[in-house]
Amino acid sequence: MVDISKRRFFTRNQMDESTIRLPWLAEPERFIDLCTRCGKCAGNCETKIITKGDGGFPTVDFGVDECTFCYRCAEACPEPLFLSKEEKPWDAKATINGSCLANNNVECRSCGDTCDTMAITFKLEIGKVAQPNIDIDECTGCGACVSVCPTSSINVSNLQINGR
Ligand code: SF4
Ligand code: SF4
Ligand code: SF4
């Protein structure tokens with residue numbers, strides 16, 4: 001027999017504040033208490049990026065695809081978990097780590113090619129191939145750049161930037 005209260009306690013303590021769960025969550029810190037794990041958000045996700053995370057709670061996986069901000073997850077959810085569509089969906093931003101091909105002097109611009117908001121630009125540097133730079137103000141955290149990166153060098157998380 002699974003002790004739900006214990007599992008919830010465990011999962012809550014395992015939650016990293018930088019983890020992206022779902023867009024438009026009203027109270028991310030209370031998500032585990034209020035979500036019933038019914039799976040309706042996942043079943044209605046336009047790009048099928050909502051998977052079962054720790055404890056069976058839904059979480060987006062940008063390794064599958066991007067979030068199109070269609071709002072279907074929020075519409076399908078029977079619980080009062082989501083903000084209205086007019087609100088900002090999340091504070092998620094993309095970051096690139098040192099395993100990036102361009103960082104290692106191998107030509108690659110896949111992430112920039114897929115970024116709709118053109119948040120990723122490439123700058124030529126002496127003695128190097130063009131280097132990617134993410135404009136965090138333009139990045140929507142959609143995750144489109146994640147699955148196209150051949151070296152899994154991009155992470156999308158809730159960055160805490162100057163209190164934002
Ligand atoms: S907004 Fe749409 S694409 Fe994004 S997680 Fe929700 S259902 Fe999926
Ligand atoms: S797709 Fe990945 S490897 Fe290519 S430039 Fe972007 S971060 Fe670097
Ligand atoms: S998460 Fe989306 S908006 Fe941000 S850099 Fe990647 S593709 Fe562009």
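The following refers to the structure shown. Worth saying up front: this structure is predicted, and the values here are computed from it rather than measured.

## Observations concerning the packing of aromatic side chains
For any pair of aromatic rings, geometry is given as the distance between the ring centres together with the angle between the planes.
Part 1 of the argument: For the structure on display, the rule yields five aromatic pairs.
Part 2 of the argument: Taking the centre distance of 5.7 Å and the plane angle of 75° together, the rings of Phe-69 and Trp-90 count as edge-to-face. Within this pair, whereas Phe-69 is found in the loop between β2 (58-60) and α4 (72-76), its partner Trp-90 is found in the loop between α4 and β3 (92-96), the two being separated by 21 residues in sequence.
Part 3 of the argument: Taken together, the ring pairs in this structure connect Trp-24, Phe-62, Phe-69, Tyr-71 and Trp-90 into an aromatic cluster.

## Some remarks on the site of ligand 2
Part 1 of the argument: Every residue close to ligand 2 is listed here: Ile-96, Cys-100, Leu-101, Cys-108, Ser-110, Cys-111, Phe-122, Cys-149, Pro-150, Thr-151 and Ile-154.
Part 2 of the argument: Partitioned by chemical class, the residues of the shell around ligand 2 number nine nonpolar, two polar and no charged.

## Points about the site of ligand 1
Part 1 of the argument: Among the 14 residues in the neighbourhood of ligand 1, the closest are listed as Cys-45, Cys-67, Cys-70, Tyr-71 and Cys-73.
Part 2 of the argument: Grouping the amino acids of the shell around ligand 1 by side-chain chemistry returns ten nonpolar, two polar and two charged.

## Here's the deal with the nonpolar core
Part 1 of the argument: Counting 37 residues, the largest nonpolar core has Leu-22, Phe-31, Ile-50, Val-60, Phe-62 and Phe-82 as the members making the most contacts within it.
Part 2 of the argument: Of all the elements in the fold, those that place two or more residues in this core are α2 (31-34), α4, β3, β4 (120-125), β5 (128-134), α6 (144-148) and β6 (154-158).
Part 3 of the argument: Formed jointly, this core draws a minimum of three residues from each of two domains, domain 1 (4-76) and domain 2 (92-158).
Part 4 of the argument: Ignoring sequence-local partners within four residues, the contact set of Phe-31 consists of Arg-21, Leu-22, Leu-25, Phe-57, Pro-58 and Leu-81.

Each value, and the rule that gives it
- Residues numbered from 1 in each chain as written.
- Chains lettered and ligands numbered in written order.
- Predicted model: local features only at pLDDT ≥ 70, side-chain atom pairs only at ≥ 80, totals over all residues.
- Heavy atoms only, no water.
- Phe/Tyr/Trp six-rings, centres within 6.5 Å; stacked < 30°, edge-to-face > 60°.
- Helix = DSSP H or I, 4+ residues; strand = E, 2+ residues; numbered from the N terminus.
- Near = heavy atom within 4 Å.
- Nonpolar A, V, L, I, M, F, W, Y, C, P; charged D, E, K, R; others polar.
- Core = buried A, V, L, I, M, F, W, Y, C linked by side-chain atoms within 4.5 Å.
- Buried < 20%, exposed > 50% of the residue type's maximum accessible area, 1.4 Å probe, protein only.
- Domains from an automatic or database assignment.
- Contact = heavy atoms within 4.5 Å.

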